[in-house]
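Read off the chains here:
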Amino acid sequence: MNVMKIREATRNDFDKIWPIFSEIAAAGETYALSRDITKAEAQVIWLDSPRKTFVLEENGEILGTYYIKTNQAGPGSHVCNCGYMVSSAARGRGVATLLCEHSQEIAMQLGYKAMQFNFVASSNEGAVRLWHKLGFSTVGRLPKAFDHPEKGYLDALVMYKWLGD
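About the thresholds
- Residues numbered from 1 in each chain as written.
- Predicted model: local features only at pLDDT ≥ 70, side-chain atom pairs only at ≥ 80, totals over all residues.
- Heavy atoms only, no water.
- 1 Å grid on protein atoms, 1.4 Å probe; cavity = no way out; pocket = protein on both sides within 12 Å on 5 of 7 lines; lining within 4 Å.
- Points joined across faces, edges and corners; volume = space filled by probe spheres on them.
- Helix = DSSP H or I, 4+ residues; strand = E, 2+ residues; numbered from the N terminus.
- Axes fitted to C-alpha atoms, helices over the stretch in contact; angles between N-to-C directions.
- Parallel < 35°, antiparallel > 145°, perpendicular 65-115°, else oblique.
- Contact = heavy atoms within 4.5 Å.
- Nonpolar A, V, L, I, M, F, W, Y, C, P; charged D, E, K, R; others polar.
- Expected span 1.5 Å × (residues − 1).
- Buried < 20%, exposed > 50% of the residue type's maximum accessible area, 1.4 Å probe, protein only.
- Polar contact = N/O pair within 3.5 Å; in protein donor to acceptor, adjacent residues only side chain to side chain.
- Salt bridge = Lys/Arg side-chain N within 4 Å of Asp/Glu carboxyl O.

**Some details on the layout of surface pockets**
Right, so step 1: Space inside the largest pocket adds up to approximately 1000 Å³.
Right, so step 2: What lines the largest pocket is a set of 38 residues, and nearest its centre among them are Thr-30, Tyr-31, Tyr-84, Asn-124 and Ala-127.
Right, so step 3: Elements with a minimum of two residues in the lining of the largest pocket: helix H1 (14-27), helix H2 (39-48), strand E3 (61-70), strand E4 (79-86), helix H3 (95-109), strand E5 (114-121) and helix H4 (125-133).
Right, so step 4: Here the lining of the largest pocket gets 6 residues from one element, more than from any other, and that element is E4.

Structure (structure tokens):
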């Protein structure tokens, strides 16, 4: 029986996260990352800088991952930011839904009152649809802020969900 399990990532997990990360970064379609980012640079962004990083695994294989970090300091420190990546082989299996639901639980456990996605490519229709389904609102639109490799300049969305009482 295949059981998906979400757990906190360890440094040793990055070798299994890297293929997912590098594929998504190289495509240049959803993240504002250098398309030729190095493994060391990626590890800082995904594993070293965030407050926590998690992986979703099935039978020892990492299918997806997310990080959670404080979005802004001081008066904005009650709002977190998350980034999610799912292996292309695991898309369509509900992995992103599980990761986002888990991240909201973790956010509340860590004392955050809201979650904000700062830069969602408007062309990432599956993610936008999922975030709306999970209760996020599009609260801002940055005109032509995302340079998609095939579609050119597209809007980037700011999405937000209040998690507190």
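**Brief notes about the packing of H1 against H2**
Right, so step 1: Here H1 crosses H2 at 100°, and the two axes come no closer than 11 Å. What the angle tells us is that H1 and H2 run roughly perpendicular. Within the contact between the two elements, H1 uses Phe-14, Asp-15, Ile-17, Trp-18 and Phe-21 and H2 uses Lys-39, Ala-42, Gln-43, Trp-46 and Leu-47.
Right, so step 2: Residues of the contact of H1 with H2, tallied by class, amount to 7 nonpolar, 1 polar and 2 charged.

**Topic: H1**
Right, so step 1: Compared with an ideal rise of 1.5 Å per residue, which puts 14 residues at 20 Å, H1 spans 19 Å between its outermost C-alpha atoms and is within 8% of the ideal.
Right, so step 2: Within H1, burial applies to Phe-14, Ile-17, Trp-18, Ile-20, Phe-21, Ile-24 and Ala-25.
Right, so step 3: Check the buried side of H1 and you find it contacts H2, strand E2 (52-58), E3 and E4.
Right, so step 4: Trailing H1 by a residue or two, Gly-28 shows a phi angle of about 70°, which is positive.

**What to know about the environment of Asp-15**
Right, so step 1: With respect to the element layout, Asp-15 can be found in helix H1.
Right, so step 2: Along the sequence, Asp-15 and Glu-101 sit 86 residues apart, while their C-alpha atoms lie 25 Å from each other.
Right, so step 3: A polar contact of 2.4 Å, which involves the side chain of Asp-15, links it to the side chain of Lys-39.

**Here's the deal with the pattern of salt bridges**
Right, so step 1: A full pass over the atoms with the stated rule returns 7 salt bridges.
Right, so step 2: Measuring nitrogen to oxygen at the nearest pair gives 3.4 Å for the salt bridge that ties Lys-52 to Glu-8. Highlighted residues: Lys-52 in strand E2 and Glu-8 in strand E1 (residues 4-8), separated in sequence by 44 residues.
Right, so step 3: A residue is classified by how much of its surface remains accessible, and Lys-52, at 25% relative accessible area, is partly exposed.
Right, so step 4: In this structure, Arg-11 and Asp-48 form a salt bridge, with 2.7 Å as the shortest nitrogen-oxygen distance. Within this pair, whereas Arg-11 is found in the loop between E1 and H1, its partner Asp-48 is found in helix H2, the two being separated by 37 residues in sequence.
Right, so step 5: Residue Asp-48 is classed as partly exposed on the basis of its relative accessible area, which comes to 37%.

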